[in-house]
Amino acid sequence: MAPDPPETEEMPACCRDVVTEYSKEILKFGELLFELLSEALGLRPNHLNEIGCAEGVNLLYNYYPACPQPEITLGTTQHADFGFISLLVQDRVGGLQVLHRDHWVDVVPDSEGIVVNIANLLQVMSNDRAVVKSVGPRVSATAFFGVGYTTNPRVYGPIEELLSKENPPKYKETTIQDFVTQSYKQGLNGVSFLDVLKLAND
């Protein structure tokens, strides 16, 4: 939906007005979150917005029908998101899990809340699963904040203002295109591209 939204006619008539309005509001919310994250990192409030973190947003809406035998069905596989942040709106059914201390933990759904995931590129810059349910149907809406995956030549790496002798960079710099391409390739081999980007620090 940003920076190059589709033509209105390309969206289904039943939801185009809602999706257009939702996109405007989620972009504003994303910009505010990036200001708060900048401040939390000890940076100027506009830092992350100025380097393009809120330039692009892709929306993904999922409808999951009830599954009669969830124990023999695969849900969304274990994964990490590529971009900067992902904002997930769940309904009351839920289904999201996070890996915590080598155990999958259910994220209790809050239909009035938004789950904020720190995605891989923001992890690099700051220097350091969904399951099938037998009840349903359930709905989720995710906004992925990133930038143009193939056209943006900007290089991203640990933010200079966050580095010091005591806190050296932990990751190499990368372009969006290389990050997405290599993450996909490494993922096929069962390796996280974040591990490939990690620098050996004494």
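Residues numbered from 1 in each chain as written. Predicted model: local features only at pLDDT ≥ 70, side-chain atom pairs only at ≥ 80, totals over all residues. Heavy atoms only, no water.

It is worth spelling out the overall build of the chain at this point. Assigned secondary structure in the chain consists of 5 helices and 8 strands. Each helix and strand of the chain, placed in order from N terminus to C terminus, yields the pattern α-α-β-β-β-β-β-α-β-β-β-α-α. Within the chain, buried positions represent 33% of all 202 residues. On the chain, roughly 12,300 Å² of surface is accessible, and the fraction owed to carbon and sulfur atoms is 53%. (Helix = DSSP H or I, 4+ residues; strand = E, 2+ residues; numbered from the N terminus. Buried < 20%, exposed > 50% of the residue type's maximum accessible area, 1.4 Å probe, protein only. Areas by Shrake-Rupley, 256 points an atom, 1.4 Å probe, with all protein chains shown as cover.)

Evaluated as defined, the whole model comprises 4 salt bridges. Here Glu-55 and Arg-154 are joined by a salt bridge, their closest N and O atoms 3.7 Å apart. Judged by its relative accessible area of 38%, Glu-55 is partly exposed. The salt bridge partner of Lys-170 is Asp-128, with a shortest N-O separation of 2.7 Å. (Salt bridge = Lys/Arg side-chain N within 4 Å of Asp/Glu carboxyl O.)

Before going further, it helps to spend a moment on the side chain of Ser-38. Residue position: Ser-38 is located in helix α1 (residues 16–40). Residues within four places of Ser-38 in sequence aside, it is in contact with Leu-43, Arg-44, Pro-45, His-47 and Leu-48. (Contact = heavy atoms within 4.5 Å.)

Moving on, we get to the environment of Gly-52. Residue position: Gly-52 is located in the loop between α2 (47–50) and β1 (56–64). Sequence separation of Gly-52 and Phe-84 is 32 residues, and the distance between their C-alpha atoms is 9.9 Å.

Let us now look at a nonpolar patch on the surface. A cluster of nonpolar side chains, Ile-114, Val-116 and Ile-118, forms an exposed patch at the surface whose accessible area comes to about 220 Å². Position of Val-116 among the secondary structure elements: in strand β5 (residues 115–118). (Patch = residues over 30% accessible without salt bridge, like charges linked within 9 Å, V, L, I, M, F, W, Y side chains within 5 Å.)

An ideal rise of 1.5 Å per residue puts 36 Å on 25 residues; α1 measures up with 35 Å between its terminal C-alpha atoms. When α1 is considered as a whole, its buried residues turn out to be Val-19, Ser-23, Ile-26, Leu-27, Gly-30, Leu-33, Phe-34 and Ser-38. Trailing α1 by a residue or two, Gly-42 shows a phi angle of about 85 degrees, which is positive. (Expected span 1.5 Å × (residues − 1).)

Scanning the entire structure with this criterion turns up 2 aromatic pairs. Consider the rings of Phe-34 and Phe-84, whose centres lie 6.5 Å apart with planes at 85 degrees: the pair is edge-to-face. Residue Phe-34 is located in helix α1, and its partner Phe-84 is located in the loop between β1 and β2 (85–90); the two are separated by 50 residues in the primary sequence. Here Phe-34 and Phe-84 have matching classes, each one buried. Three or more aromatic residues joined by ring pairs make a cluster, and in this case those are Phe-34, Phe-84 and Tyr-156. (Phe/Tyr/Trp six-rings, centres within 6.5 Å; stacked < 30°, edge-to-face > 60°.)

On to unusual backbone geometry. Trans is the common state for peptide bonds, and a negative phi is the common state for residues other than glycine. Note the cis peptide between Ala-2 and Pro-3, where omega equals 5 degrees. Within the element layout of this structure, Pro-3 appears in the segment before α1. Of note, the phi angle at Asn-127 is positive, near 70 degrees, even though the residue is not glycine. Along the chain, Asn-127 turns up in the loop between α3 (120–125) and β6 (138–146). By relative accessible area, Asn-127 is classed as buried at 2%.

Function cannot be inferred from these measures alone, as they are strictly geometric.
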